[in-house]
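Examining the three-dimensional arrangement
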Amino acid sequence: MARGAMRWGIVGYGWVARDHMAPGIRAAGGIVSAVADPSARSRARAADDGVAVFADVGAMLASGLCDLVYVATPNDAHLAPVRACAAAGVPVLCEKPIGATLEQAEAMADAVAGPLLYGTAFDQRHHPAHVALAQAIAEGAIGRVVAMRIVYACWVDPGWTPDGTAHDNWRADPARAGGGAVIDLALHGLDLAERLLGEPLVGLSIALQRRIHAYPVDDGGMLTGRTGSGVLFQSHVAYNCAEVLPRRRLEVLGERGLLVATDTMGQTAGGTLVRRCAAGGPREALAFDAGTTPFAAQAAAFMRAARGGAHDFSMLRDLALMRLFDRAYTEARRWL
Ligand SMILES: NC(=O)c1ccc[n+]([C@@H]2O[C@H](COP(=O)([O-])OP(=O)(O)OC[C@H]3O[C@@H](n4cnc5c(N)ncnc54)[C@H](O)[C@@H]3O)[C@@H](O)[C@H]2O)c1
């Protein structure tokens, strides 16, 4: 592995790659050296950003420009580039969900089995506020944990575009996305629950709605579950919540207090983290690095892992979560 700054190739230079991960890579000291994307428009935007561009991942890998690869294609197009990286022996960080279907996720797990470094890009676990939250829980700041509750919602209508320009809204296409709001948003919270609580979820059920938007996928969902030791989990995710409303909140209730993270879930840095004590008293603000985005922290973590440092990326664990999720989502869609 290179000793100097690490060079990243990006497969799929759309919204999240261009606006969030590429800046995160640079903020973490990495270099975005190459982009593979079949869209001439996305390649032109990458070329404007000073990056070598390729129409397909094979050519990008053959260029020798990439120490690491980040995959940010629509959900049903994750598998092929990850397979190509695995065949080339290049560590690969792939956006969530692992695939649009459980079959794609299982095939990806087969492709990366072995010593190759693979990570699913659950960037929320790297958000400095969530790292501080995990530490507070582990240090007993609220005693034994009772429940975790999440609201993570936004507005995605059929013509949604991230930047006001024409956009291919694959999120409303069941085959390309694998579902709607729930597959897009809920896995972040499920992964966070396992990271913050330090144990896997063992049960999960989902109620779905198609309430506001005229597309064939769910525009909202309510998830409930529990961990093996008995912590309850609840998460409301939605594409039908106006962006100006309060819509990003994470609470962890314990026998001795409540931890509340507001406006931390999402792509940006900052937000607030407070502790309320069960014995009363003022709210206590917990400090965290409010200048580092979850994407910068994620890029730093993946580069550390690629250099042989300790890390928390695990396909086996991510696949187990995807299996749990898929069972509940498949059942829920029968009633949609
Ligand atoms: N972690 C997060 O907060 C977060 C946020 C947004 C999106 N995402 C995930 O990132 C991925 C991309 O989402 P987006 O909103 O950036 O989508 P997007 O539509 O804005 O961009 C997708 C890009 O992939 C390209 N592409 C399509 N098929 C391709 C292929 N076969 N090979 C290479 N490139 C291909 C498109 O041309 C486009 O440039 C999705 O999996 C999504 O779930 C994660």
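Look above for the structure.
Everything in this summary refers to the structure shown in the same document.

1. Digging into the site of the ligand
Close contacts around the ligand come from 27 residues, with Asp 37, Ser 42, Asn 75, Asp 123 and Trp 170 the closest. For the ligand, an oxygen atom lies 2.8 Å from a polar atom in the backbone of Trp 15. When the free accessible area of the ligand is taken as 850 Å², the share hidden by the protein chains comes to 87%. Looking at the shell around the ligand, the elements with two or more residues in it are helix H1 (15–27) and helix H8 (181–197).

2. Focus: the sheet that holds strand S10 (residues 232–238)
Here we have eight strands laid out as an open sheet, ordered S8-S9-S10-S7-S11-S12-S13-S14, and mixed in their pairing. The open sheet has two edge strands, strand S8 (201–209) and strand S14 (284–285), and neither has a second partner. Here strand S9 (residues 220–227) pairs with S10 via seven bridges, running antiparallel. Across the sheet, residue Gly 221 finds its bridge partner in S10, namely Val 237.

3. Focus on the side chain of Thr 227
Looking at where Thr 227 falls in the secondary structure, it is placed in strand S9. Only 2.7 Å separates the side chain of Thr 227 from the side chain of Glu 199, close enough to count as a polar contact. Among all residues touching Thr 227, those that are not within four sequence positions of it are Leu 197, Glu 199, Pro 200, Leu 201 and Val 202.

4. Brief notes about the sheet that holds strand S4 (residues 68–71)
With parallel pairing, the six strands of this open sheet are ordered in space as S3-S2-S1-S4-S5-S6. Lying at the two open borders of the sheet, with one neighbouring strand each, are strand S3 (52–54) and strand S6 (118–121). Going across the sheet, the axis of each strand differs from the next one's by a mean of 25°, ignoring polarity. When S4 meets strand S5 (residues 92–95), the two strands line up parallel, connected through three bridges.

5. Some words on the pattern of salt bridges
All told, the structure shown has 20 salt bridges when counted by the stated rule. Put simply, Arg 144 and Glu 255 hold a salt bridge, and the shortest N to O gap is 3.0 Å. Here Arg 144, found in the loop between helix H6 (128–138) and strand S7 (145–153), pairs with Glu 255, found in the loop between strand S11 (248–254) and strand S12 (257–262); they are 111 residues apart in sequence, far enough to count as distant. Classification of Arg 144 as exposed rests on a relative accessible area of 63%.

6. Some words on the side chain of Glu 95
Of note, Glu 95 is situated in strand S5. Nearest to the buried, unbridged Glu 95 among oppositely charged side chains is Lys 96, at 5.0 Å. Residues in contact with Glu 95, not counting those within four places in the same chain, are Val 16, Tyr 70, Val 71, Ala 72, His 78, Thr 120, Ala 121 and Phe 295.

7. Focus: the pairing of strand S2 (residues 31–36)
Most of S2 sits inside the fold, with five of its six residues counted as buried. As defined by bridge partners, strand S1 (residues 7–11) adjoins S2 across five bridges and the pair is classed as parallel. Counterpart to Val 11 in the pairing with S2 is Ala 36. Regarding the hand of the β-α-β motif, the stretch spanning S1, H1 and S2 is right-handed. Pairing analysis gives three bridges linking S2 to S3, with the strands arranged parallel. Directly across from Ala 34, in S3, lies its bridge partner Ala 52. As a crossover connection, the stretch from S2 through helix H2 (residues 40–48) into S3 is right-handed.

8. A short note on the packing of helix H5 (residues 102–112) against helix H10 (residues 315–333)
Across the interface, H5 lies against H10 with an axial gap of 10 Å and an inter-helix angle of 170°. As far as their axial angle goes, H10 and H5 are roughly antiparallel. Facing H5, whose interface residues are Leu 102, Ala 105, Glu 106, Met 108, Ala 109 and Val 112, H10 presents Met 315, Leu 319, Met 322, Arg 323 and Asp 326. Residues of the contact of H5 with H10, tallied by class, amount to eight nonpolar, no polar and three charged.

Scoring rules and cut-offs
- Residues numbered from 1 in each chain as written.
- Predicted model: local features only at pLDDT ≥ 70, side-chain atom pairs only at ≥ 80, totals over all residues.
- Heavy atoms only, no water.
- Near = heavy atom within 4 Å.
- Polar contact = N/O pair within 3.5 Å; in protein donor to acceptor, adjacent residues only side chain to side chain.
- Areas by Shrake-Rupley, 256 points an atom, 1.4 Å probe, with all protein chains shown as cover.
- Helix = DSSP H or I, 4+ residues; strand = E, 2+ residues; numbered from the N terminus.
- Pairing = 2+ DSSP bridges.
- Contact = heavy atoms within 4.5 Å.
- Axes fitted to C-alpha atoms, helices over the stretch in contact; angles between N-to-C directions.
- Salt bridge = Lys/Arg side-chain N within 4 Å of Asp/Glu carboxyl O.
- Buried < 20%, exposed > 50% of the residue type's maximum accessible area, 1.4 Å probe, protein only.
- Lys, Arg positive; Asp, Glu negative; His and termini not counted.
- Right-handed = clockwise from strand over helix to strand, strands pointing away.
- Parallel < 35°, antiparallel > 145°, perpendicular 65-115°, else oblique.
- Nonpolar A, V, L, I, M, F, W, Y, C, P; charged D, E, K, R; others polar.

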